[in-house]
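Each chain is listed here by its residues.
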Amino acid sequence: MDVFSNQFIEGLQTEDIDLLRSIPKTDLHCHGSLSMRRSALENWANIEIPPPPAVYPTFYEFINYIRTHIHPHTDYREGFEFCLQSALEQAIQDGVHYVEMSLDLKFLEFYESPADFIQIVYSIQQRFKPQIHFAPEIGVKRTLNASQIEDLVHELINSKIFTSIDLYDDELAGEVRDFKNLFEYARSMGLKLKAHTGEYNSASSIAQTVEILELDAIQHGINCVQDEGVMNLLKSSKIPLHICPTSNVALKRVDSLSNHPIRKMYDHGIIVTINSDDITLFDHSVTEEYLALHRLGVFNASELNEIRLNGILQENA
Ligand SMILES: [Zn+2]
């Protein structure tokens, strides 16, 4: 319990979203260029974006929606900087006081040098510092060639601006082992190690990824429920799983929020947190995730408060 726990519980029980938004919380799984509200992008770029479906029929259609309706307005320097700042403003409005937000390596292409990119990220971090602890995360696609990006990633790590690294993108592509050296270097420099796994790949892949990369946290990991042994491993290792329930429904990883395996994981004793993933595409802030899970009876208010506190413990972990 913290000093906000009773208010958070009351906010859930009375469905008072303004009260809930005033309570400190974390977002430990979100992506820098897809975490602003769509309406904010529409206003800034003076465009209209067709709303995405609540559930994307296929992963291809999800990617196609981003490429067709979002990237043309964001994939350049000013677009990226707008997205990042707008995402932080959204998080502040939602009561998020600590955010681990991945910044994909592709954004470096918009800058003359890695140093320019690092400087911009640093200046944005400093500008928002009074309102939010923005912990920039190095976002590495697993489809990249690890040896080709080594120098670049080392430069980002050496800047000491980034406090975590996340391996993501197509979970069925590439070899996790190829990134072992990069992750070892990141660990030696004090970064937190994370990877997307167990969203599309199997429970055994989760166990392998944790072992090979020596992860500190897992992004998604929901397929662990397919294997009791993997669930036991996650429980005993105390590795937190940063779950994004609405994202999992929208991408047809689970059939509904009310049947989300996060309940089973929680009951097993696995440490879980609740996060937003891509607000631009899924329309759910962290506060809205908590409220939806409470409304559907997936968790009671005290349990959701415990999960909120799990996130807060990660801030200095
Ligand atoms: Zn993600």
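See the structure above.
Bear in mind that the values here come from a model prediction, so they are computed numbers and not experimental data. (Residues numbered from 1 in each chain as written. Predicted model: local features only at pLDDT ≥ 70, side-chain atom pairs only at ≥ 80, totals over all residues. Heavy atoms only, no water.)

(A) Region of interest: the overall build of the chain. A count of helices and strands for the chain gives 15 helices and 8 strands. In terms of overall size, the chain behaves like a compact globule, its C-alpha atoms giving a radius of gyration of 18 Å where 317 residues would be expected to give roughly 20 Å. For the chain, the spread of C-alpha atoms along the principal axes amounts to about 50 × 45 × 40 Å. Out of the 317 residues in the chain, the part that is buried amounts to 56%. In the chain, of all internal contacts separated by at least 6 residues, the share reaching a separation of at least 24 is 75%. As displayed, the chain offers around 13,300 Å² of accessible surface, 47% of which is attributable to carbon and sulfur atoms. Side-chain charges of the chain comprise 25 positive and 46 negative groups, with the mean position of each set lying 3 Å from the other. (Helix = DSSP H or I, 4+ residues; strand = E, 2+ residues; numbered from the N terminus. Rg over C-alpha atoms; globule rule 2.2 N^0.38 Å. Buried < 20%, exposed > 50% of the residue type's maximum accessible area, 1.4 Å probe, protein only. Contact = heavy atoms within 4.5 Å. Areas by Shrake-Rupley, 256 points an atom, 1.4 Å probe, with all protein chains shown as cover. Lys, Arg positive; Asp, Glu negative; His and termini not counted. Charge placed at Lys NZ, Arg CZ, Asp CG, Glu CD.)

(B) The arrangement of unusual backbone geometry in detail. You will see that Lys160, though not glycine, has its phi angle at about 65°, which is positive. Structurally, Lys160 is set in the loop between helix H7 (146-158) and strand S4 (164-168). With relative accessibility at 64%, the residue Lys160 sits in the exposed group. Here Asp169, not a glycine, exhibits a phi torsion of approximately 85°, which is positive. With respect to the secondary-structure elements, Asp169 resides in the loop between S4 and helix H8 (180-188). We classify Asp169 as partly exposed; its relative accessible area is 35%.

(C) Here's a closer look at the coordination of the zinc ion. Listed as protein donors to the zinc ion are His29 (NE2), His31 (NE2), His196 (NE2) and Asp277 (OD); their distances from the metal cover 2.1 to 2.4 Å. For the zinc ion, the 4 donor atoms in the first shell make angles of 84 to 173° at the metal, a pattern classed as irregular. The sequence motif formed by the donor residues of the zinc ion is H-x1-H-x164-H-x80-D. Residue His31 is found in strand S1 (residues 25-31), and its partner Asp277 is found in the loop between strand S8 (272-274) and helix H13 (279-282); the two are separated by 246 residues along the sequence. For the pair shown, His31 and Asp277 are each scored as buried. (Donors = N, O, S within 2.8 Å, 3.2 Å for Na, K, Ca; no water. Tetrahedral: all angles 85-135°; square planar, octahedral: opposite > 155°, others 65-115°.)

(D) Geometry of the environment of Met231. Looking at the element boundaries, Met231 is found in helix H10 (residues 228-237). Owing to a relative accessible area of 2%, Met231 belongs among the buried residues under this scheme. Residues Met231 and Glu171, 60 residues apart in the sequence, show an inter-C-alpha distance of 19 Å. Apart from the residues lying within four places of it in its own chain, the contact partners of Met231 are Cys224, Val225, Lys264, Met265, His268 and Ile270.

(E) Local environment of the environment of Ala54. Tracing the chain through its elements places Ala54 in the loop between helix H3 (38-45) and helix H4 (59-74). Spatially, the C-alpha atoms of Ala54 and Ser188 are 41 Å apart, while their sequence positions differ by 134 residues.

(F) The arrangement of the pattern of salt bridges in detail. Scanning all chains against the criterion turns up 16 salt bridges. With its nearest N and O atoms 2.9 Å apart, the salt bridge here joins Glu15 to Arg295. Of this pair, Glu15 sits in the loop between helix H1 (5-13) and helix H2 (17-21) while Arg295 is found in helix H14 (residues 286-295), placing the two residues 280 residues apart along the sequence. According to the relative accessible area criterion, Arg295 is exposed, its value standing at 54%. Its salt-bridge partner being Asp216, residue Arg187 comes within 3.7 Å of it at the nearest N-O pair. One end of the pair, Arg187, is in helix H8; the other, Asp216, is in the loop between helix H9 (203-213) and strand S6 (217-220), with 29 residues separating them in the sequence. On the basis of relative accessibility, which here comes to 28%, the residue Asp216 falls in the partly exposed class. Bridged by salt links that share partners, the residues Arg21, Arg37, Asp94 and Glu288 form one connected network. (Salt bridge = Lys/Arg side-chain N within 4 Å of Asp/Glu carboxyl O.)

So yeah, pure geometry; function would need other evidence.
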